[in-house]
Structure formats: structure tokens, C-alpha cells
Amino acid sequence: MPLFSDLQSALILLVLFVGLTSVARELINPDRNSHRAFLFAVCAVLSLRYGYWRATETVAPFRLTADGLASWSFLAIELLAMLGAFSSYLMMTRTKDRKAEIATHFHWWERPEYGPPKQPTVAILIATYNESLDVLERTIIGAQSLIHREKTVYVLDDGRRDWLRDYCAKRGVEYLRRPDNHGAKAGNINHALRFLARQDSPPDFVAILDADFVPHRGFTERGLALFHDPQVGLVQTPQHFFNADPIQHNLGLTRSYPDEQRFFFDHVQPARDAWDIAFCCGTSSLIRFKALDEIGGFPTESVTEDFLLTLVLQEHGWKTVYLNEALTEGLAPEGLQEYITQRARWCLGLMQIARSDHGPLGKAALRLRDRWSVADSMLFWLGTFSFRLAAIFFPLLYWFFNIVVVDASLTDVLRYFGPYYLWSLMAVSVVSRGGIVPVINDVTQLIGAVPITISAISGLINPYGKAFNVTAKGGDRSRIVVQWRLMWPFLLGVILTVAGLWLGILSDGFASFEAGEGKIVILFWTFYNLVVLCLTVLACVELPRRERHVGDAPELASFRLAEETFPVWLVNLASDTARIRGHALEPGSLGFLDLRGVGEVPALVLSTTAEGTRVELMPDDAQMEALMLRFYTQGATASVTNMRLGALLHDLARRLSFNPDRS
């Protein structure tokens, strides 16, 4: 008689892996490539073990039956996602930090070994189409405030707006427009590059900024340091955001959970850089003008011209490197529709590249690792989102039609899936420093899964069958908006899941409990899906927004009222309002709030509550410019970079109680 039953043995194995992951979390240093290699090698082994079990023991017989078709199609989607995971495991075994290289080669152009001292000239290109002045103004002011002296700011207006031309003249920056919009953003930049090439002294480098991305004052100085290597054609820096993305905002997680792009920019791009396959992400990049001139400017064969630019540069012998420093801040899409449109466009553009000569099987003279780079991105867009949809809706086949998609006992799930899931979750948590939470991460993938999956498949079949869509920025965000069109698949999923559970648990109809342990597996899977679906539905309810700078920490300031001046705590600051604590003020009083780096700003007391005194700011033009510089070009980035579990649970509970963060 065995000492332990099969279920007890599986539970012991699972407990052992809980202990192993806890120990590994403490011992593994994600900055050491040897540690990362071990971490993801174990991921790969456990993934293979799980995949072999799934393919050999959990699928229905290969026949043209409902069970066979459902079981094998779900396995195919899951294996596609696992193939993408394998590629990610390999990529994440390395990482690179270039801060030491920056320190060594900072201002390399002043050293005699690089020739006569000459500060490189930089053209700052701000591409715009339909952005409002309040969006453009801070970018232009930020570009003008860059420390680098030898710079010229160019506003590239594809909207051909006279008011913007007049504003640029007032600010003393160059304004360029063209007669048409051929080639969209890439065509707009190429028009400016041709203009620069005709000048007596073309710039040494160009910096690319989207209309809503404000550079920190050291953006060009830090980025230029990496061009000490004459083979470097492009330096990409990360994108940080001074506002919450729609999922952060709508779930009330603006202060406790990183934006959806943080994992990519903070961890994936440094890993790609270590493999020499980091790629251009458009804005927040610096490019050697000679390299652009040699390849004829930005390629226009894809709506993600930035990724394709890296491949074309590499084909001509130019390297793309990544500097993981927060040197710009931009505006994340504020609405869900814009957020999803942007990602569907990225997906479509990648599929256009995959079908081009620069794809994995294309004719371009690319290295094997560059082809892998494109293939890895293809697998991400094709596998991740389709699997997320399948994982939500395939279990319903069991509840309604008694179709078994995964024929597995609880014991085997604990034995094969448990170790794979626990170790993979720990590995991602270690390298992201806690930046990934499973349920929330599932919501971020699910919410755009339908249009992204459609874009991925249609992009492979007909890569140029869709029109280019510009991501809208700004606009009125002052009221609650329910995105019914985005919500309905998930709301339907909630209804069907609850109905399926009712059929399977409370009635004597479909899917009775005679299935034994397998029923427990499908039951847990379904309850998990229900949680994810409910949060996704909640995320489709867009909450009002107001300007708020989440990076601002409370600071000591002073308020002058008539002849009396007293200290106050500044706890919230925007361009037109502030909230202060420490002194009761009469509503309607007019005084002056002394702000660091700005001076005394006229302030009208609006109201006094338990949360503090709210005042309306009335800055003059110079003070408004100083406020913009303070908000967007100085200090640490405003975006949340690390997850705090306690704060996340607190914020999520408050959102579920329909009382989102009001601070």
C-alpha cells in the first residue's frame, strides 16, 4: 500500500514548489544574467513537461466530433501561446543597463580622441496632426528647455493649422507643413528630413517626439552619450506617462499598479538590448542623421514604421541601443477606445512587417536574431490575446453542451500545471520586481483581445486592408462613459458563465457532478474566469478625469493673505488648482501661493473641507510656463513603476464599493 495517495503526492509536490519559489525569490538577483538564465531555464523545462502532458493525456481522441474539435483547437491555441512564452523565456535570460556606459562617455564630443571639440547639433522634431494647444504647448516648452545648446525645435504640422503656425512664431520655434498627408507620421517626418538635408549644415542628430511627449531637460545630453560608438544609429529611451492609462484609472489603481507599458519598457526592452535587438518605439528616440539619410528616411511600408526603421537600419549596418532612463513623459490614451485602437494598430503594423521582406522569412539581409525579433512579436500578438479569449469562453462548452475541452483530474492538474504556473509566476514577478499581478494582467489582455485578435489574423491575410487610425489625445473626460460596444462581449461572458454554473451546480440538467475530480478543475477555472470578466466589465466604465500629477509628493509651501504669511502643506497641484492643508482659509479670500520654482501665484480660495483647502490658481504666462517645466521636465517621472500589493487591494476594494480614489 503506498504511503501517500496520488492526490496527497500532488499536494506535497505543490507545497514543495511553493517553498522552492519562495527561496528562489530571495536568492535570485534579476540583474545577473546567470541567475536569469537559471530562472527561465527552469521555466522552459516545466513548460515542456506541462505541454507534453497536455498534448498526450488531456485531449479528446482526434476525430471530427464536438469533443475532438473543441479539445484540439483549444490545445492548438494554447501551444501557440506557449511557443511565444518559450521565446520570451529565452529573451529574458539577459538584461543590459547602460548607465555606466553613459557615465564613461558623457560629452564624448569634448574629448580629443573624437576629433576637434564640437557640440553636436540636434533637430528636435515634434510630429503633430490634430492635437490641441494644451497638449502641444507643454511639449514645445519642454523641447525649448533642453539643456543641450545646439538644438533647433521643429513642429511638423500635418493638420496645416494657421493658429499653430502663429503660435510657433510667437515661441520662436520652426514650423513645417506639407501639402498632403501621404505616409502619415513617417511621411511627415520624412518631409522634415528632406528639408533638413537641403540646409547648408544639416543636423548631426534628430530627436523624435510625439506631440504629447515632453522631454526632461537632460533627454538629449544623456541620449547623445551612447553615440560615442560610430555604429550606433539610434538610441531609444522608455516612454513614461504623467496620467494613468484607462485600465489603471477605471479600476481605481492609479497610485498602486504600473501602467500596461511598464513591463515592456522597464524589462523587455533592456532584455532585447542585451541580445542587440532593441527596437525603435517612435517617440523619445534620438537618431543619427547620417544613418537616416543613408536609408532614405523612415520606411512607410508599415503603420509601425518605428519597428521597421530598426530593421532597415540594421540591414545597413546601424545598431539600435536602449537607454533605460525616464527622460520623457507623455500622455497615455485616456479613453478605452483610443487605448485599444492604438494597440490594434501596433498589431497590424507588426503583421505588415512580418509579411514584408523584413519578416522572419523575408529576403532582407537580416541577422537570425533580427528575424527572431519579428517572430517573437508575431507570437505575442497572435498567441497571447487569442489564448486569453479561448481560456474565457471554451469552458462554457462544458457547462452548456457537456463538451470536455481539457480532460484532466485535479491530481494531474496539481502535478503538472501547478509547478509550471507557480515557477513562471515567480520568475515574472522577480524580473519585473513585482510589477505583474495575474488577475489584473489578464484584464489588461482580455479587454482588447477581440479587436487585437482580429487585427492579427486579418493583418496576416491582408496586411494592407485596414486604414490607418490616429490615436486621439485630450478631449472632454469630465463625465462617466460606459463603453457598451467594448463591454458587451464580456457582459455576455458574465451572463453565460453564471448561467453555466447554475446549470452545472444547482440543476440536474447539463454537466452533472458525476465528472468527479475533473468537475472541480472546470469549476475553479470557471470561477477564476468570472472574476476576470467582472473586473473587465468594470474597466469598461470610464470614470471622469481631471488633471492630476501623481508623482507630486506633499511639500512645504507658504500662503500670503493680506499682510500675513503662513506655512502650508501642498498636497495636490495642477495648472489651475491646488489643495493645501495646515491653515483654515475663508472661501472667497484672495491670496498668493508661493510655489517652488514658480514664485507667488495669485490664488482664490474655493472651498475648505476635511481633505484641505482647494484654491484656484491664476498664473501669468511666465508662471504657467514655469509650472509646465516643473510638472513635466524636472524630477522623477510621475508614472507608477512598482506594484504595492496592499495598496492595490485597498484601491480595488474601494473601486468595487463604487468609491474610487478622490484624492
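Preceding this section is the structure that the text describes.
These numbers come from a predicted model, not from an experiment. (Residues numbered from 1 in each chain as written. Predicted model: local features only at pLDDT ≥ 70, side-chain atom pairs only at ≥ 80, totals over all residues. Heavy atoms only, no water.)

Caption draft 1: Spatial organisation of the packing of aromatic side chains. Using the criterion set out here, one finds 30 aromatic pairs in the structure. Look at F74 and F387: their rings are 5.9 Å apart centre to centre, the planes differ by 35 degrees, and that puts the pair in the tilted class. Of the two residues, F74 sits in helix α3 (residues 66–91) while F387 sits in helix α14 (residues 368–393), which places them 313 residues apart along the sequence. For F74, a relative accessible area of 3% puts it in the buried group. (Phe/Tyr/Trp six-rings, centres within 6.5 Å; stacked < 30°, edge-to-face > 60°. Helix = DSSP H or I, 4+ residues; strand = E, 2+ residues; numbered from the N terminus. Buried < 20%, exposed > 50% of the residue type's maximum accessible area, 1.4 Å probe, protein only.)

Caption draft 2: Up close: the sheet that holds strand β9 (residues 319–322). If you trace the seven strands from one edge of the open sheet to the other, you get β3-β2-β1-β4-β8-β6-β9, paired in mixed fashion. The open sheet is flanked by β3 (174–176) and β9, the only strands paired with a single partner. Each neighbouring strand pair of the sheet contributes to a mean axis angle of 25 degrees, computed without reference to strand direction. Relative to β3, strand β2 (residues 151–157) is paired through three bridges, and the arrangement is parallel. The partner of V155 across the bridge, within β3, is Y175. (Pairing = 2+ DSSP bridges. Axes fitted to C-alpha atoms, helices over the stretch in contact; angles between N-to-C directions.)

Caption draft 3: Summary view of helix α10 (residues 262–274). Counted at 1.5 Å a residue, the expected span for α10 with its 13 residues is 18 Å, and the 18 Å between its end C-alpha atoms agrees. V268 marks the point of greatest bend in α10, at about 35 degrees, and the proline P270 comes within the next four residues. Burial analysis of α10 places eleven of its 13 residues in the buried class, the great majority of the element. Along α10, the residues classified as buried are R262, F265, D266, H267, V268, Q269, P270, A271, R272, D273 and A274. With its phi angle positive at about 65 degrees, D276 sits one or two positions after the end of α10. (Expected span 1.5 Å × (residues − 1). Bend = angle between axes of the 7 residues up to and from the residue.)

Caption draft 4: The arrangement of the side chain of Q352 in detail. By secondary structure assignment, the location of Q352 is in helix α13 (residues 336–354). Excluding residues within four positions of it along the chain, Q352 makes contact with E301, S302, V303, P463 and Y464. (Contact = heavy atoms within 4.5 Å.)

Caption draft 5: Unusual backbone geometry, seen in detail. Within the chain, D276 stands out as a residue other than glycine whose phi angle is a positive 65 degrees. Tracing the sequence through the fold places D276 in the loop between α10 and β8 (285–288). The phi angle at N402 is positive, at roughly 60 degrees, despite the residue not being glycine. Within the fold, N402 resides in the loop between α15 (395–401) and α16 (410–431).

Caption draft 6: Expanded view of a nonpolar patch on the surface. A contiguous nonpolar surface patch, about 220 Å² in accessible area, is contributed by F417, Y421 and L425. The residue F417 is located in helix α16 in this model. (Patch = residues over 30% accessible without salt bridge, like charges linked within 9 Å, V, L, I, M, F, W, Y side chains within 5 Å. Areas by Shrake-Rupley, 256 points an atom, 1.4 Å probe, with all protein chains shown as cover. Salt bridge = Lys/Arg side-chain N within 4 Å of Asp/Glu carboxyl O.)

Caption draft 7: Just the packing of helix α5 (residues 133–144) against helix α6 (residues 162–171), in detail. Interaxial distance between α5 and α6 falls to 12 Å at its minimum, and their mutual angle equals 30 degrees. Compared by their axis directions, α5 and α6 come out roughly parallel. With respect to the hand of their crossing, α5 and α6 are arranged in right-handed fashion. Contacts between α5 and α6 involve L133, L136, E137, I140, I141 and Q144 on the former and, on the latter, W163, L164, Y167 and R171. The residue makeup of the contact of α5 with α6, split by class, is seven nonpolar, one polar and two charged. (Parallel < 35°, antiparallel > 145°, perpendicular 65-115°, else oblique. Left-handed = near helix turned anticlockwise from the far one by under 90°. Nonpolar A, V, L, I, M, F, W, Y, C, P; charged D, E, K, R; others polar.)

Caption draft 8: Seen up close, helix α22 (residues 645–656). For α22, spanning twelve residues, the distance from its first C-alpha to its last is 16 Å, which sits close to the expected 16 Å at 1.5 Å a residue. Taken as a whole, α22 has its buried residues at L648, D651, L652 and R655. Relative to the axis of α22, the buried residues are bounded by an arc of 100 degrees and lie together on one face. (Arc of directions from axis to C-beta.)

Caption draft 9: The sheet that holds strand β5 (residues 214–215), seen in detail. Spatially, three strands are ordered β5-β10-β7 in an open sheet, and the strand pairing comes out mixed. One side of each edge strand has no neighbouring strand; the edge strands of this open sheet are β5 and β7 (240–241). Pairing of β7 with strand β10 (residues 328–330) involves two bridges; the strand directions are parallel. From the neighbouring strand, H240 faces β10, where its bridge partner is E329.

Caption draft 10: Inspection of the environment of G448 at higher detail. Take G448: it is sitting in the loop between α17 (438–446) and α18 (449–461). As for G448 and A344, which are separated by 104 residues in sequence, their C-alpha atoms are 8.0 Å apart.

Caption draft 11: Fine view of the nonpolar core. Grouped together as the largest cluster of nonpolar side chains are 91 residues, with contacts concentrated most on L125, V206, L251, F298 and L309. If we skip the residues at most four places from it in the chain, L251 touches I440, V443, L535, L538, A539, D651, L652 and R655. Formed by 60 residues, the second largest nonpolar core is a distinct cluster that contains L136, F559, F566 and I580. (Core = buried A, V, L, I, M, F, W, Y, C linked by side-chain atoms within 4.5 Å.)

Caption draft 12: Molecular detail of the packing of helix α2 (residues 33–57) against α3. Across the interface, α2 lies against α3 with an axial gap of 10 Å and an inter-helix angle of 170 degrees. Compared by their axis directions, α2 and α3 come out roughly antiparallel. Note on packing geometry: the crossing formed by α2 with α3 is left-handed. From α2, F40, C43, A44, S47, L48, Y50, G51, R54 and A55 reach across to α3, where they touch W72, F74, L75, E78, M82, F86 and Y89.

Caption draft 13: Just the pattern of salt bridges, in detail. In total, this model carries 28 salt bridges according to the counting rule given. Between E101 and R98 there is a salt bridge, with its nearest N and O atoms 2.7 Å apart. A network of salt bridges, in which partner residues are shared, links D162, R165, D166 and R177.

The values are spatial; any link to function lies outside them.
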